[in-house]
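The residues making up each chain are set out below.
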Amino acid sequence: MHFASLYYVAVLLLPFSQACLTLEEREGLPRRVHRRQTSNGVPIATGDRYSSGTIAPRGVGTQSTTLTTILNVNEISSGLKGLATVYGISTFSAPYTTYNGASITGGKVGGNGTCNNAYRVYLNAGIHARERGGSDGLLFFIGDLLYANKNNVGLKYGSKSYTSAQVKTALSTGIVFVPLSNPDGVAYDQSSNSCWRKNRNPKSSTGSAASIGVDLNRNFDFLWDFTKLFASSARSSVASTTPSSETYHGTSAFSEPETQSIKWVMDTFSKVRWFIDLHSFTGDVLYSWGSDTNQLKYPTMNFLNSTYNSVRGILTDTPGSGSAYGEYVPTAENSDNVAAAKRIGSAMSTAAGRTYAVIPAADLYPTSGASDDYSYSRHFADPSKNLVHGYTVEFGFGNSAASCEFYPTQAQHNMNIQEIGAGFMEMLLAAAALGLGDATSC
């Protein structure tokens, strides 16, 4: 508890974003506009470097190259098709379409079999529109992994190297990946350079431009109805019921086709054991829970127990002292949660020499409706569902010289891609070592 309090003080002293939000946005205020900053960071690409899906993406792990642009939305789609064309991987589309008519698409690689049960790791990117480089990092990593496997070579992300044998181990875990889970929002942000975070659903709009859209990472079915499920003193940082807020949580849990699609992936590939949702920027690896401090002693003190609705989200109390609350984690699951997170953080820190912190998500501030907590909560809420170890990886450290600090410089973008590749690779190796669940039956 003392660590959480100290960390809170440190957060308040930092000038820019923490866990996808600026300090103003955390307080429910309009984002500060950097009027003197004219840079939009590394530019968005024009054209299609993958030639309508005939060329596969390849990142910085299998070649020495400098990335000079961010993938545009069309290139992300073309790159996924290129992986299928060059390497023969299978792709899929979730059965929902966004407000602007886009589909959420992904691919599946590796594994010990071809049925859906063969895939045990789910990598997701692009849920917050302005967090540039996440979709690139995921597509480039999958391209590197497939290239290295085909050519029997290893991977090198900056100062972090992996052998060809480790490449094969990583692929054996079976990977489901979705490089762009908010296509409408990303397309809008790339065309407007407006630091746009949410999707583009206008259903709850009150007429202002800011009131369009839902924060997709507050829309999952984990303590979604935060005004009833959290302490009144914690609610302002948890989410918002105001459509113009950057953390507006929508009209109901899973009200949005984008979050429905992510749930569909988890339901369809129901043996997935490990999940990463890729975000920027804080230089953090976050593990569950994000609703309150983790505690290992009191199984009935959990998110399903309404007894604690009035005290949930207060991080300065001590679970078990009076009515004080902490979110229950079984000891064995907590050990695996932490072990994998530490491996990811260490690998990302090694790649480009920038230090990543590894902490429980709530140590930043309490949240509701987040993807990582939803993924981990599923087996508590429904014991028939598979245990999923869920993580948020916050890559990068921000660009204070840009109009939006989520828009990296070229140098930052290249370091970010190195760190993302090392983090994903370490996750796969940690998953293989810590366990992928019951044996595949295909």
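Refer to the structure presented above.
Visitor: Help me understand the overall build of the protein, please; the structure alone is not making it clear to me.
Guide: If you tally the helices and strands in the protein, you get twelve helices and twelve strands. Scaling as 2.2 N^0.38, a compact globule of 442 residues should have a C-alpha radius of gyration of about 22 Å, and the protein matches this with 20 Å. Expressed as a percentage of the 442 residues in the protein, the buried residues total 58%. The contacts in the protein between residues at least 6 apart in sequence include a share of 79% that link residues at least 24 apart. With the model as given, the accessible surface of the protein reaches about 15900 Å², and the carbon-plus-sulfur share is 51%. Taken together, the 33 basic and 33 acidic charged side chains of the protein have centroids lying 3 Å from each other.

Visitor: Is there a simple way to think about the pairing of strand 12 (residues 389-395) in this case?
Guide: Judged by how many residues are buried, strand 12 sits mostly within the fold: seven of seven residues are covered. With seven bridges connecting them, strand 7 (residues 274-280) and strand 12 associate as parallel partners. Considered in strand 12, the bridge of Ile276 is made with Tyr391. Bridge analysis of strand 8 (residues 284-287) against strand 12 gives four bridges, and the strand direction is antiparallel. Looking at strand 12, one finds that Leu286 is bridged to Thr392.

Visitor: Can you walk me through the environment of Trp289 in this structure?
Guide: Turning to its location among the elements, Trp289 is positioned in the loop between strand 8 and strand 9 (294-295). It is 28 Å that separates the C-alpha atoms of Trp289 and Leu139, two residues lying 150 residues apart in sequence.

Visitor: How should I be thinking about the state of the cysteines in this particular structure?
Guide: Disulfides are covalent bonds that connect the sulfur atoms of two cysteines. Taken as a whole and judged by the stated rule, the model has two disulfides. Shown here is the disulfide that connects Cys115 with Cys442, its sulfur atoms set 1.9 Å apart. Between Cys115 and Cys442, the disulfide has an S-S torsion of -65° and is therefore left-handed. Of this pair, Cys115 sits in the loop between strand 2 (103-109) and strand 3 (121-125) while Cys442 is found in the segment after helix 12 (410-434), placing the two residues 327 residues apart along the sequence. A disulfide bridge connects Cys195 with Cys404, and the sulfur atoms are separated by 2.0 Å.

Visitor: What am I meant to see in the sheet that holds strand 12 here?
Guide: Within a sheet, each strand pairs with its neighbour through backbone hydrogen bonds, oriented either parallel or antiparallel. Strand order in the open sheet made by the eight strands is 1-2-6-3-7-12-8-11, with mixed pairing throughout. What marks the edges here is a single partner per strand, and that holds for strand 1 (90-97) and strand 11 (357-360). Adjacent strand axes in the sheet meet at a mean angle of 20° when their direction is disregarded. Summarising the sheet, strand 3 and strand 7 pair through five bridges and their orientation is parallel. Looking across to strand 7, one finds that Val121 is bridged to Trp274. Across the sheet, helix 12 is in contact with strand 3, strand 6 (175-178), strand 7 and strand 12; its angle to strand 7 comes to roughly 165°.

Visitor: Hey, could you run me through the packing of helix 9 (residues 257-268) against helix 11 (residues 371-381) in this one?
Guide: The packing of two helices is summarised by the inter-axis angle and the distance between the axes. It is at 12 Å that the axes of helix 9 and helix 11 come closest, and there the two elements cross at 40°. One finds that helix 9 runs oblique with respect to helix 11. Considering only the axes of helix 9 and helix 11, their crossing is right-handed. Between helix 9 and helix 11, the residues in contact are Lys263, Met266 and Asp267 and Tyr374, Ser375 and Arg378, respectively. When its residues are assigned to classes, the contact of helix 9 with helix 11 shows two nonpolar, one polar and three charged.

Visitor: Explain the nonpolar core here, please?
Guide: Leu123, Phe141, Ile142, Leu145, Phe177 and Met425 are the most contacted members of the largest nonpolar core, which totals 61 residues. Examining the composition of this core, we find that ten residues originate from one element, helix 12, more than from any other. Sequence-distant contacts of Met425, defined by excluding residues within four places in its chain, comprise Phe141, Leu145, Leu155, Tyr162, Gln166, Val167 and Ala170.

Visitor: Which parts of the structure should I look at to understand the packing of aromatic side chains?
Guide: Applying the stated criterion across every chain, the model contains 20 aromatic pairs. Between Trp289 and Phe303, the aromatic rings sit 5.6 Å apart at their centres with planes inclined by 50°, giving tilted as the arrangement. Of the two residues, Trp289 is situated in the loop between strand 8 and strand 9 and Phe303 in the loop between strand 9 and strand 10 (327-328); the sequence distance between them amounts to 14 residues. Of the two residues, Trp289 and Phe303, neither departs from the other in class, the shared state being buried. Here a set of aromatic residues connected by ring pairs shows up, and it is made of Phe222, Trp289, Phe303, Tyr376 and Phe380. Taking the ring centre of Tyr147 as reference, the NZ or CZ of Arg58 above it sits at 3.8 Å.

Visitor: Would you take a moment to explain unusual backbone geometry for this structure?
Guide: Note on backbone geometry: most residues besides glycine have negative phi, and most peptide bonds are trans. Geometrically, the link from Ser280 to Phe281 is a cis peptide bond, its omega value of -10° lying close to zero. Of note, Phe281 is situated in the loop between strand 7 and strand 8. The omega angle of the peptide bond from Ser288 to Trp289 is 15°, so this bond is cis rather than trans. Of note in the backbone geometry, Ser52 takes a positive phi value of approximately 60° without being a glycine. Relative to the helices and strands, Ser52 resides in the loop between helix 2 (23-26) and helix 3 (73-87).

Analysis parameters
- Residues numbered from 1 in each chain as written.
- Predicted model: local features only at pLDDT ≥ 70, side-chain atom pairs only at ≥ 80, totals over all residues.
- Heavy atoms only, no water.
- Helix = DSSP H or I, 4+ residues; strand = E, 2+ residues; numbered from the N terminus.
- Rg over C-alpha atoms; globule rule 2.2 N^0.38 Å.
- Buried < 20%, exposed > 50% of the residue type's maximum accessible area, 1.4 Å probe, protein only.
- Contact = heavy atoms within 4.5 Å.
- Areas by Shrake-Rupley, 256 points an atom, 1.4 Å probe, with all protein chains shown as cover.
- Lys, Arg positive; Asp, Glu negative; His and termini not counted.
- Charge placed at Lys NZ, Arg CZ, Asp CG, Glu CD.
- Pairing = 2+ DSSP bridges.
- Disulfide = S-S within 2.5 Å.
- Axes fitted to C-alpha atoms, helices over the stretch in contact; angles between N-to-C directions.
- Parallel < 35°, antiparallel > 145°, perpendicular 65-115°, else oblique.
- Left-handed = near helix turned anticlockwise from the far one by under 90°.
- Nonpolar A, V, L, I, M, F, W, Y, C, P; charged D, E, K, R; others polar.
- Core = buried A, V, L, I, M, F, W, Y, C linked by side-chain atoms within 4.5 Å.
- Phe/Tyr/Trp six-rings, centres within 6.5 Å; stacked < 30°, edge-to-face > 60°.
- Lys NZ or Arg CZ within 6 Å of the ring centre and 35° of its normal.

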